[in-house]
Amino acid sequence: MSSSFLSPSNDALANPFKSTINRDALLGYACRVYESSPRSSSNGLSHVPLVAPVSPTQSLDQIYRDRLLPLMMILRSSHPQHKPTLLLLGCVYFDLGDFQTSLSINQEILSLDPSYVEAMCNMGTTLQAMGRSPEAQRWWWEALKLRPTYWEAMDNLLGSFLNPIQVTGSSDNALLYKQAQELCRFLLVRIIGPDGRFLVPIAPDELQRLQKLCYTNAMLLQIIGENRIEALLGDLHSAVEVVIRPPWPYTTDESYVFQDLVIAASLIALSLSAGPGTYVPQAVLDVLSPHNRLHSLQGIFEDSGFNILSVAHVAGERLWSALIPPGDVLPTILLLPDEVMRLSLLLFPESAGVLPSICSRERGSSPASEILRQQTHFITSTILLTLAKKLQEIPLGSTIIVSDSGLVLTASLSLVLLLYYIALSLSPSPSTYNNLGIILSGLTTARTSIGATGEQEILTGPVVARAFYERGLLLHPSHPHLLTNLGSHMKDQGQTSEAVRLYALAVQHKPDFDIALANLGNAIKDMGRPWESIEYFQRAVAVDPNMPEAVCGLANSRNALCDWRGRGSVNGEMGVNEHGEIIFPTNSGSPGWMMKIAQIAEEQMYSSYTENVGVVESLGDVDFWLLWAEKTREKPFEGQDLRRWKKAIRRFLTQFDRSEKRINEGGFLIRFIEWMVRRLQNKWYKHRYGRALESNEPLPAPCLEGTSAYEWLHLPPSFEPPRMPSVLPFHTFGYSLSPRIIRLISHRNALRISYTALTQPWLPQHVYPPPPPPFEGKINIGYVSSDLGNHPLAHLMQSVFGLHDRSRFNVFVYATGISDGSPNRRKIERDSQHFLDVSSWPTKLIVERIVEDQIHILINLGGYTKGARNDIFAARPSPIQLALMGFAGTLAAGWCDYLVCDTISCPPEICASERWRSRRAQGEETSRLQDHFSEMELESDFGSVIDPESMTDDWMYTEKMIYMPHTFMVTDHKQSFRGDENLSVSARRSVSVSELWENEDRLRIEWRKKVFPGIAQDTIVFANFNQSIFAAWLRILSRLPNSILWLLRFPPAGEEHLLRTAMQWAGEEVASRIHFSDVALKDDHISRGRIADLFLDTTECNAHTIAADILWSGTPMITWPKYTYKMCARVGASIAQATGFGDQMIVNSLEEYEERAISLATSLWFTWEESPTGELRRKGHGALMDLRRNLFLSRDSMPLFDTARWTKNIEKGYREAWRRWALGTEFETSEEWEESDGPEKDSGCIWIRDDDPVEVRSS
């Protein structure tokens, strides 16, 4: 391409308009000017442009050469030194690719005016196109030095730094980022002064460019690793400040800053949410209206002349301190979507809700264009959201300097929430609605509101979150995240079907959305259809192989269907590979989803150690903490106790890696509060009633005046909610995980439940008052359960509530589950002394009712089962709280004091309090008992209250034990399931043993023919109604050709997998001897259990209710308590032992399990007798038949089925628990405990002795 100019002819130079090309070019321009006038379309005239239409085949280069360039040459010839003409001419040559000519023209401009920044910028752009980047950058720098707001030059120079950067690779990336950040800082200090005011004029339509400059600098600071959070946030603050002020120029009083916006928005939000009980400090009201005393915020912002930003700016620190006392954070305010939309209108009333900087000073004026408003509001909203996300990334409670005056903001969820509100009010978007909903859903704050019917209603965080999800879906009905989160809300509310519909919609619109896929799978699984859920879990895992919810969900569903392919193994267990083949045990385990689950659990436990770091120090120094700890005592700590406490607290006031030391600081604080609350309740009781165990007259509850001595330390607003692991406590029953991981899974769930309860706004400042001493010795006990209907718990416990000795106990039953109208529910309602259906009550009312009922001992029948209401217990309405029956494992919670068990299900050596006593008695260090350290550097226990975060696998239970004498399991069969014989207990005693046994044998044969009509009478029937330990069962079948295995078709889809596995592991013949039956009604299920000759128990988690059912029918069982530390794996042995024949049914290894089954089965032999009808009937003999006979004939006398005996024994435990608490001797290291000589000195557990003799029949 020629670098010379086109040379016009002499005629053209004499008269440039003689040229038809030049003429037509100018005439075309004239026509465009004419057509742009509104008159051209209304005057009725026609004009005919003389310029010919552009040929559709003509290229842009041809247009430029044939039309634009000749015109530019005419202009240049007429005005050779006109810089704008030369500037445009240089651009034309640049677009034509003639870079050298473009360069020459820009140089010509600069020779005329060396400060002509447009030419400098074009020089840089041209040189960059020629591959001469260093020279280009120098020209852009020169332009920006002269005009810092030359945005095109800024974009070009930033682009030259950032465009070469690759995601990975170049070692020069850091240098380029650094250069880009230095450019941003160079420009900002020349545009914005130290006081935040502009140093150069900025037009309204340029403000968004300045905002982007601030934003870019902040992001670059983060990328290059500048750990100056204040500097990063400061740039984002500046980006907001430039648009909340009036148009330039503005006065000093109008130089609003970020903190003005925060305080103004907070006050408006308080006003919008104001309702009965809304508290606003009077100091705030006095600052807002110094001349007219206000009593509330309502109505103050309705005055169109009230500029809250101006008031906040002028008041400054006075208003700030009035609303946010030192050490506190912004109040957490719940706003509904419509209220949020009013926020910008009230912040900027003079510009009708539009950011003031882009409007004129005329009241109610609009910006130059709607596009400008949208663009500026969008970028401002984006910056506010970025600010909020940055605050979420730093530890909550961190202080951030936001102005030179020294005022600080404390990072808190309340501040994050406020920034989201402002951002949404400026620029509504589905994603912001969604993110706001996520934040709100985790808040425990509540407020009142007037509903559509005019009635007052309570709005909680989750309720408000739903409103935001639904409003976002109005903007974007197919938004997958909104659909998914609304679905999760519905699932939490128990509306699982609606949740499935919403999840399915999300997946329909985004088929690879892993979160929606996993949630859909879990919801379907929870509806009892695990076979349908697997597809969605598999799709989620395909998107993200490491997604905990998807991996765990897939494992649980496949396990439920007995599809063990790909299971792998952990902890030296037998495994199964992806082809369904057995993998023999190895110490390291084998790859598969079991190993993946173990890894996920480990990683999630470890990651939580970074939560709430610094929260202890943020609350106070050593003296502060000692003051709170000593509040539980009558006198200060001394000696070793004082040294121990000081050392424990000082550790948190120094820097150390919490993850390395496995210190859960947030957990420490929650545990401290719960430790404190229990002791304050006991102290209050002592002060009010002494150490009375009972009273001879009704005593009033403690007075609620002057309760400051019993106030508890509250969690700070900045406290981050503890994360819960993806593996749920109930899931650990079926997994071979380490004791520590199982304990921590429960503990982390307990911490989250505690956090939710302890942050409820309705909790009083003081602990709940203790109940008065039992009047005439009658202890008030309360049972809490959601399963008092057609549920295994009710089947087992339904008679207990009516069997209590009402001369010694007042019994309250709080049913948190809706009545199903079943006979079990009706019986419990009828038999209970005080039955309350609280299923529709909020937690607050239930807790207050329990306090009002003066419950001494509150019993948790749910634990970590579905529908359980542990939040009630976490509020600590009762001085003694214990877990019974519902969950066979540790709750690892500060709100559970005792676990009812027996020495078989929970051996004492794995109880933390017993290990503490053992070490203390031997003079060993008890600090961090679990870790065996000789020094106290890692102490995080509270005396004998051991930290569950222990690194050891030596113990499992944080609770103290109430040891029942036979079994902790109560089984109500003796009272509830007598239909097989239709004999009462007394009537059965009058029937001879031979007649009872003959009738039973006949009934067994009838049931066998009914269920298995095709098998011979002498066939051995092994049974199990859950499926695991399958390989051992197949080996037993292989060794006994005359045997079958009876399994339940539960779920139906499991049958296919079990038969396929049996074929693969044992062959077709053995597989053909596996028989399935459908699930039966409860009475039939129990009656037909007698069909089996021997019940083979599962090992990872034993049969619980089913084991009791099978033993009631007289069928013997084989059970192996495989784990010392898993209660759920020892229940079978506990139940078997309570029959009186446990030594024949309990084994100690897998080998013994198989051999005992073979031995008992082969001991069975038959003789044949003719019945009165002439039919030959078998008569069994041998050890197995003797055991069956003993079990069947003794079932009315054995402890296992003696509910009255069990109730009498548990009452002993309740009374002893009350005695220890009332006397104060329950609390180890207390003065009362040190001085006691009772059984609690030797053991923190309660050991119940059965005083009644046990009689079982043995042949």
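Just so we're clear, the structure is a prediction, and the values are computed from it rather than from any experiment. (Residues numbered from 1 in each chain as written. Predicted model: local features only at pLDDT ≥ 70, side-chain atom pairs only at ≥ 80, totals over all residues. Heavy atoms only, no water.)

## Remarks on the overall build of the protein
A count of helices and strands for the protein gives 53 helices and 21 strands. By the burial criterion, 56% of the 1259 residues in the protein qualify as buried. Of the contacts made within the protein by residues no fewer than 6 positions apart, 69% connect residues no fewer than 24 positions apart. Total accessible area computed for the protein in this model is approximately 51900 Å², and 52% of it derives from carbon and sulfur atoms. (Helix = DSSP H or I, 4+ residues; strand = E, 2+ residues; numbered from the N terminus. Buried < 20%, exposed > 50% of the residue type's maximum accessible area, 1.4 Å probe, protein only. Contact = heavy atoms within 4.5 Å. Areas by Shrake-Rupley, 256 points an atom, 1.4 Å probe, with all protein chains shown as cover.)

## Thoughts on the sheet that holds strand β15 (residues 1043-1048)
Spatially, β16-β15-β14-β17-β18 is the arrangement adopted by the five strands of the open sheet, whose pairing is parallel. Bordering the open sheet on either side are β16 (1074-1077) and β18 (1117-1118), each of which pairs with just one other strand. Across four bridges, the pairing between β15 and β16 is parallel. Residue pairing for β16: L1045 is matched across the bridge by I1074. Its contacts with the sheet put helix α43 (residues 1030-1039) on β14 (1020-1024), β15, β16 and β17 (1094-1096), and the angle it makes with β15 is roughly 150 degrees. (Pairing = 2+ DSSP bridges. Axes fitted to C-alpha atoms, helices over the stretch in contact; angles between N-to-C directions.)

## Quick look at empty space enclosed by the protein
Counting across every chain of the model gives 10 cavities of 30 Å³ or more. Put simply, the largest cavity is a space of about 450 Å³. Around the largest cavity, the lining is made up of 28 residues, and of these A893, G894, C896, V945 and T958 lie nearest the centre. Counting residues per element, the ones that place at least two in the lining of the largest cavity are α32 (665-689) and α33 (739-758). With six residues, the top contributor of residues to the lining of the largest cavity is α32. (1 Å grid on protein atoms, 1.4 Å probe; cavity = no way out; pocket = protein on both sides within 12 Å on 5 of 7 lines; lining within 4 Å. Points joined across faces, edges and corners; volume = space filled by probe spheres on them.)

## Some points on the state of the cysteines
Considering all chains together, one arrives at zero disulfides under this definition. In this structure C906 is not part of a disulfide, and its nearest cysteine sulfur, from C901, lies 4.0 Å away. The exposure class of C906 is buried, given its relative accessible area of 0%. The thiol sulfur of C1128 is not disulfide-bonded, and the nearest other cysteine sulfur, from C1101, lies at 4.2 Å. (Disulfide = S-S within 2.5 Å.)

## Topic: the sheet that holds strand β11 (residues 880-883)
If you trace the eight strands from one edge of the open sheet to the other, you get β9-β8-β7-β10-β11-β12-β13-β21, paired in parallel fashion. Looking at which strands have only one partner, the edges of the open sheet turn out to be β9 (834-837) and β21 (1246-1247). Pairing of strand β8 (residues 809-815) with β9 involves four bridges; the strand directions are parallel. For Y814, the partnering residue across the bridge sits in β9 and is L836.

## As for the pairing of strand β12 (residues 898-901)
Side chains of β12 alternate between two faces, with Y898 and V900 and L899 and C901 buried alike. Taken together, the two bridges between β11 and β12 define a ladder with parallel strand orientation. Opposite L882, over in β12, you have Y898 as the bridge partner. In this sheet, strand β13 (residues 960-963) lies alongside β12 in parallel orientation, the contact comprising four bridges. Among the inter-strand pairings, C901 is bridged to a residue of β13, identified as Y963.

## Regarding helix α3 (residues 60-78)
With 19 residues, α3 ought to run about 27 Å at 1.5 Å a step, and its terminal C-alpha atoms sit 26 Å apart, in line with that. L69, P70, L71, M72, M73, I74 and R76 are the residues of α3 that are buried. (Expected span 1.5 Å × (residues − 1).)

## Quick look at unusual backbone geometry
Although it is not a glycine, R662 adopts a positive phi angle of roughly 55 degrees. Structurally, R662 can be placed in the loop between α31 (658-661) and α32. Here the phi dihedral of T1229 falls at roughly 75 degrees; this positive angle occurs in a residue that is not glycine. Within the fold, T1229 resides in the loop between α52 (1203-1223) and α53 (1231-1235).

## What about the packing of aromatic side chains?
If you walk through the whole model with that rule in mind, you get 40 aromatic pairs. Each ring, one from Y783 and one from F801, has its centre 5.1 Å from the other, and the planes form 85 degrees; the classification is edge-to-face. Placement of the pair is Y783 in strand β7 (residues 779-785) and F801 in helix α35 (residues 800-803), with a sequence separation of 18 residues. Members of the aromatic cluster, joined through ring pairs, are F624, W625, W628, F637, W645, F652, F668, F672, W675 and F942. Above the ring of W1112, the side-chain terminus of R1195 is found at 3.9 Å from the ring centroid. The ring of F809 carries the charged tip of R1215 above its face, separated from the ring centre by 5.5 Å. (Phe/Tyr/Trp six-rings, centres within 6.5 Å; stacked < 30°, edge-to-face > 60°. Lys NZ or Arg CZ within 6 Å of the ring centre and 35° of its normal.)

## What about the pattern of salt bridges?
Taken as a whole and assessed by the stated rule, the structure comprises 74 salt bridges. Across the pair D980 and R1195 runs a salt bridge whose closest N-O atoms are separated by 3.1 Å. Separated by 215 residues along the polypeptide, D980 in the loop between α40 (973-976) and α41 (985-989) and R1195 in the loop between α51 (1183-1193) and α52 bring together distant segments of the chain. D980 sits in the buried class, given a relative accessible area of 18%. The exposure class assigned to R1195 is buried, which follows from its relative accessible area of 0%. (Salt bridge = Lys/Arg side-chain N within 4 Å of Asp/Glu carboxyl O.)

## Notes on the environment of P80
By the element assignment, P80 lies in the loop between α3 and α4 (83-95). Of the residues examined, P80 reaches a relative accessible area of 47% and is grouped as partly exposed. If sequence neighbours within four positions are ignored, P80 has contacts with L86 and E108.

## A look at the confidence of the model for the protein
Low pLDDT marks stretches whose predicted atomic positions should not be read closely. Mean pLDDT for the protein: 87, with 89% of residues reaching 70 or above. In the predicted structure, residues 1-8 sits below a pLDDT of 50 and forms 19 contacts with residues beyond four places in sequence or in another chain. Counting contacts from residues 39-52, a segment whose pLDDT is below 50, to residues more than four positions away or on other chains yields 11 contacts. (pLDDT = per-residue confidence, 0-100.)

## Considering the pairing of β13
Side chains of β13 alternate between two faces, with K960 and I962 and M961 and Y963 buried alike. Here two bridges tie β13 to β21, and the two strands are oriented parallel to one another. In the strand pairing of β21, Y963 is matched with W1247.

## Thoughts on the packing of helix α18 (residues 370-393) against helix α19 (residues 413-426)
Running from amino to carboxyl end, α18 crosses α19 at an angle of 165 degrees, the nearest separation of the two axes being 8 Å. The pairing of α18 with α19 is recorded here as roughly antiparallel in orientation. Note on packing geometry: the crossing formed by α18 with α19 is left-handed. Contacts between α18 and α19 involve R373, H377, T380, S381, L384, L385, L387, A388, K389, L391 and Q392 from the first element and L415, V416, L419, Y420, I422, A423 and L426 from the second. Of the residues that constitute the contact of α18 with α19, the class distribution is 12 nonpolar, four polar and two charged. (Parallel < 35°, antiparallel > 145°, perpendicular 65-115°, else oblique. Left-handed = near helix turned anticlockwise from the far one by under 90°. Nonpolar A, V, L, I, M, F, W, Y, C, P; charged D, E, K, R; others polar.)

## Some thoughts on the side chain of R869
As for its placement among the helices and strands, R869 is situated in the loop between β10 (857-860) and α38 (870-874). Take R869: its relative accessible area is 18%, and that puts it in the buried class. With residues near it in sequence (within four places) discarded, R869 still touches T816, W841, T843 and I846.

## Digging into the nonpolar core
Formed by 171 residues in total, the largest nonpolar core has its most connected members in F672, Y783, M797, L884, W895 and Y1214. The residues contacting L884, other than those within four sequence positions of it, are Y783, M797, I859, N860, L861, V900, F968, W1206 and Y1214. Grouped together as the second largest cluster of nonpolar side chains are 153 residues, L69, L86, L127 and L415 included. (Core = buried A, V, L, I, M, F, W, Y, C linked by side-chain atoms within 4.5 Å.)

## What to know about helix α30 (residues 639-652)
Spanning 14 residues, α30 covers 21 Å between terminal C-alpha atoms, matching the ideal 20 Å at 1.5 Å per step. When α30 is considered as a whole, its buried residues turn out to be R644, W645, A648, I649, R651 and F652. Projection of α30 onto a plane perpendicular to its axis shows the buried side chains occupying an angular sector of 155 degrees, all on one side. (Arc of directions from axis to C-beta.)

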